[in-house]
Each structure stands twice: as C-alpha cells, then as structure tokens.
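Structure assessment
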Amino acid sequence: MAAAQDMTAANALGHEEAVELARRHLIQPWPTAGEIGAEARSLIGEGEGIYITDGDGRRLIDGPAGMWCVNVGHRREELARVMYDQAMQLSYNTPWYTMSEASAVLAERIAGHAPGDLNHVFFTTGGSSAVESALRFMQFYNNVRGRPEKKLILSRGGAYHGSTYLSASLNGRPRDRDWMDGADDLVIKLSSPDPFRRPSGMSLTAFADQLVAEFEETVKRIGADKIGAFVGEPVQASGGVIVSPEGYLPRIRKICRDNDILFISDEVVTAFGRLGHVFGSQDVFGIEPDIITFAKGVTSGYFPLGGMVVSERLLEELRRSNHPTAMYAHGLTYSSHPVGCAVALKNLDLLEGGVLAHAQAVAPYFQAQLKTLEELPLVGEVRGLGLMACVECVADRESRNPLELDRNVGMRIDAHCHELGLLVRPLINMCVMSPPLIITRAQIDDMVGILREGISRTMDDLRKEGVWRG
Ligand SMILES: Cc1ncc(COP(=O)(O)O)c(C=O)c1O
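The shown structure was predicted, so the numbers you read here are calculated from the model rather than taken from an experiment.

**Brief notes about the site of the ligand**
Around the ligand, the neighbouring residues are Gly-126, Gly-127, Ser-128, Tyr-160, His-161, Gly-162, Glu-233, Ser-238, Asp-266, Val-268, Val-269 and Lys-296. Contact distances for the ligand include 2.7 Å between a nitrogen atom and a side-chain N or O atom of Asp-266. Relative to its free-state accessible area of 390 Å², the ligand is covered by the protein chains to the extent of 83%. In terms of residue class, the shell around the ligand is built from 3 nonpolar, 6 polar and 3 charged.

Shown next as structure tokens:
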C-alpha cells in the first residue's frame, strides 16, 4: 500500500516539478563541470514496444533502445510478472554463502550459447563491473600461475569499456579522458580499427595488415611476458559503431593465443541479440575468446545485470595450481541477484522464441534504409552491423574532418528528431541507432524518415548560421 501511494505521489508530481527537483538534487551521468547537479534532461514517462513517451506526452521511437539494452522492447508483461513472482518468492540472497536456483539455471543457459569451452558464468551488476571482474580475474590468474609481471592490458582507440576506474582506464574515445584520471601504467593503447578513418587510398586489406602489424610490434616491444590481456569490443559501439576490417579479429585472436595473452571480448552491447545471436564473437566473427563480458540485453534493461563467461581451461588451470587456497577476492553484494537472473531467463526465452530470428530478418533492411542517408551532404558515412548503426557527419567529405563541424551536430540532429518523434543517441558529430530488436520494417521506415528530416533541418540551421556550406 505504501508503495502504491509513493507511485501516485511521483505520478502526480507533474513534469515541471520533476524537472525542478532534478535541477536541485539530481546528478546526471556524464555531466559537464558547468552544469553538474543543476541539469534536467528529457523526462521519459512511459514505454511500450519500440516507443517511449516524454514528459510532454510526445511519443518517440526509442532509437537507442535505452542504452542499447531494451532488446525485446518496453512493457513486456511476461518480464514484469517474472520479476514480481521472483521478488515475492525470494527477493535477495547473499551470494557469499548461498545461491539461488535462478542463477544456476541462467549460468547453464548462457554457457550453452557461449563458444567453445566458455562454460562458467560470474554475474555482476552491469557492464563496467563485468569488465572490471574480467581484468581482476586476469590479474589473479597470472598471480596464481607465478607470472606477477604479466598484467598489462591492451586496449584500442575508440573503445568504451565502462566507468569504474580500471575499466574506464581502457577507454579510448576522444574526450573521455580529458579531465579524468586512469591507471595509465597498466594500459597500452592501440589504434582504433576504424575503416572510415584509415589513411586515404589505403585498401581495407592493407588497413587490416597495418593494425595486425601494430599489434605484433607492440607485443614484441613490450614483451608477451608483461601483457596479460587484450580487451576489445567485437564492434566498437559507443565509439561510433566501428566494424573492424574483415579478418582482423581472428588474426588478433591468434596472436593472443600464441603469446598467452587472454582475449577478452567485451560483448556488453553486441550480446543478446544486437547482432542477431546471443553472442557475436563466434557466430559473427568466428573467434573463440577466453572470456566474454556481457550486460545490457541480458535482461533487456529490465534489471541491472551483467557478467563474464570464462573458459573452462583457465578455471581448470587455477584448480590444478600449486596455490589451491589463493582467493579471487572479488564479489559484489548483487552478484547473481535472483530477480535479475529470473528476468534474464524469461528474456532469453523471448530471444530464442523469435526475437533473434526477427532481428536477423530485419537487419539487412535496417542497414539498407539507413544507408540511403548518405545522399545527404552532411553525412560522411553510414555504417553498422545487425541492428546497430551510426550516421557520421563530416564538415566536408574529402577531408572527412569531423572536428571542423564540431558544433554539437549530433545534439542538433537529436533535438530536431525529438520534435519529430524519434530519440537519437548523439555522439559529438555522430548519431547512433540501435532500436529494440522487435522493430518492424514499417517502423524502420518511420525512423529513417524522421532521421532524414532531422539531418536536413540541421543542415539548414548550419547554413543559416554561416558555419557550413555543404
Ligand atoms: C562495450 C561496453 N562495455 C562496457 C560498458 C559499461 O557498461 P555499464 O554502463 O553497464 O557499466 C558499456 C556501456 O555502454 C559498453 O558499451
């Protein structure tokens, strides 16, 4: 009864008061110093299917599916019900000394989808904690094996791996580290595998060769005995949906295997359907990592849950080591949360029961329709894979210079699209699209139509302001 009264109070609050309260008391993620603690963002009141409704009652297509996570769509009654049922049966149990049935069953179901001998799952609260867990596992693994020097981590430009200290230290997107510290002594950055930004005139094959050569030279220069892991997203998501050149990932995988470097595939975005499969590492890219991290789509965003799937080979090595009492002193209060695991199981039912097949069926249409936006002179490239794509705007197509046009073009497009009924994920000069996987062809047409109009209006604005002559 108390909960119902609270809900009524929140709903009765009204848009303007909520905005005011946020300005006075809420700190938003990724704020700037000038606005920290004094900012209100678009209020979202409801969601249904691929749509959300904002504080003014305007229905919007949820272009980014929340944060690449609402894979089966909003307001799925079966998911809400299973969360309610689990909370009524067992709302929480300590993972320190106990376990829930849901966590064991979910681990088995996830292991069944993971490639090769990746058959054990450690659950976390989200993506950052999944990456953090994998990195701390690598450190523990090498300590137990008597290789305490083998701890450096290879990461790449354009990467995003999280907001905890070590996971954030791997991030390679422009600006993320301008004002933030990181464990720089532990991380080595390699080039982004971004074909759009490859040297002009270079073939994709030569670009892949260049990236592989850089990787090999780095391993040689630093020494394989000092490098513990490579962490990479199969498709760099928040860096602008960067799809590496054909053959690059399997070649990096081989170098890692040959040099005893753990290959950690960060599938926080790509897993659970975004590429049409539960995991993309093997089904899409033909690689078998040592560890896969996941989050987001595992519960379609209905509950914060993430995790890592670990190779049996690594666990076996630990179990047979000379240090059986050495402890992987790492765990979270909400590891294996029963409500999260229960909703993830039902979400997996939905994915296996048709959503994955639907995503595979509509993905080519989604990519083809978005690609038509390259007709617009502000658009430098539209790229993507599965149901994730990025529209990258450039000041001029020849130089491909995004910075000259760095007048928050992504935000401007988003503002126009919002008026027209579409929420976009703006990223500096880019717009990322990753809708719920249940989107239909007709809804894709609506989405692309609005985006086209939003970009056209942005071009008009830029011309009027005299900052662009395209
Ligand atoms: C590839 C990748 N890894 C890790 C993370 C961090 O996940 P979370 O925000 O759930 O901590 C993200 C978040 O977007 C991500 O895209």
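From this point, the discussion proceeds with the structure in view.
**Re the sheet that holds strand E1 (residues 44–48)**
Spatial ordering of the open sheet is given by E1-E2-E3-E15, a layout of 4 strands whose pairing is mixed. Of all strands in the sheet, those bounded by a partner on one side alone are E1 and strand E15 (422–423). With 4 bridges joining them, E1 and strand E2 (residues 51–54) adopt antiparallel strand pairing. Note that in E2 the partner of Gly-47 across the bridge is Ile-52.

**Thoughts on the nonpolar core**
If you look at the biggest cluster of nonpolar residues, it comprises 67 residues, and the most contacted ones within it are Ile-110, Phe-272, Phe-279, Phe-294, Leu-370, Leu-451 and Ile-455. Looking at which element gives the most residues to this core, the answer is helix H11 (residues 338–371), with 15 residues. Those residues in contact with Leu-451, other than ones at most four positions away along the chain, are Leu-370, Leu-373, Val-391, Ile-413, Cys-417, Leu-422, Val-424 and Met-433. Counting 32 residues, the second largest nonpolar core, distinct from the first, contains Ile-188, Ala-224, Ile-227 and Phe-230.

**A look at the pattern of salt bridges**
By the definition in use, this model includes 33 salt bridges. Across the pair Arg-383 and Glu-392 runs a salt bridge, and its minimum N-O distance is 2.8 Å. Taken individually, Arg-383 and Glu-392 each receive the classification buried, so the pair is uniform in this respect. Residue Arg-463 pairs with Asp-460 through a salt bridge whose shortest N-O separation is 3.4 Å. Of this pair, Arg-463 and Asp-460 both sit in helix H13 (residues 441–464), 3 residues apart, which is roughly one turn of that helix. Classification of Asp-460 as partly exposed rests on a relative accessible area of 36%.

What counts, and where the lines are drawn
Residues numbered from 1 in each chain as written. Predicted model: local features only at pLDDT ≥ 70, side-chain atom pairs only at ≥ 80, totals over all residues. Heavy atoms only, no water. Near = heavy atom within 4 Å. Polar contact = N/O pair within 3.5 Å; in protein donor to acceptor, adjacent residues only side chain to side chain. Areas by Shrake-Rupley, 256 points an atom, 1.4 Å probe, with all protein chains shown as cover. Nonpolar A, V, L, I, M, F, W, Y, C, P; charged D, E, K, R; others polar. Pairing = 2+ DSSP bridges. Helix = DSSP H or I, 4+ residues; strand = E, 2+ residues; numbered from the N terminus. Core = buried A, V, L, I, M, F, W, Y, C linked by side-chain atoms within 4.5 Å. Buried < 20%, exposed > 50% of the residue type's maximum accessible area, 1.4 Å probe, protein only. Contact = heavy atoms within 4.5 Å. Salt bridge = Lys/Arg side-chain N within 4 Å of Asp/Glu carboxyl O.

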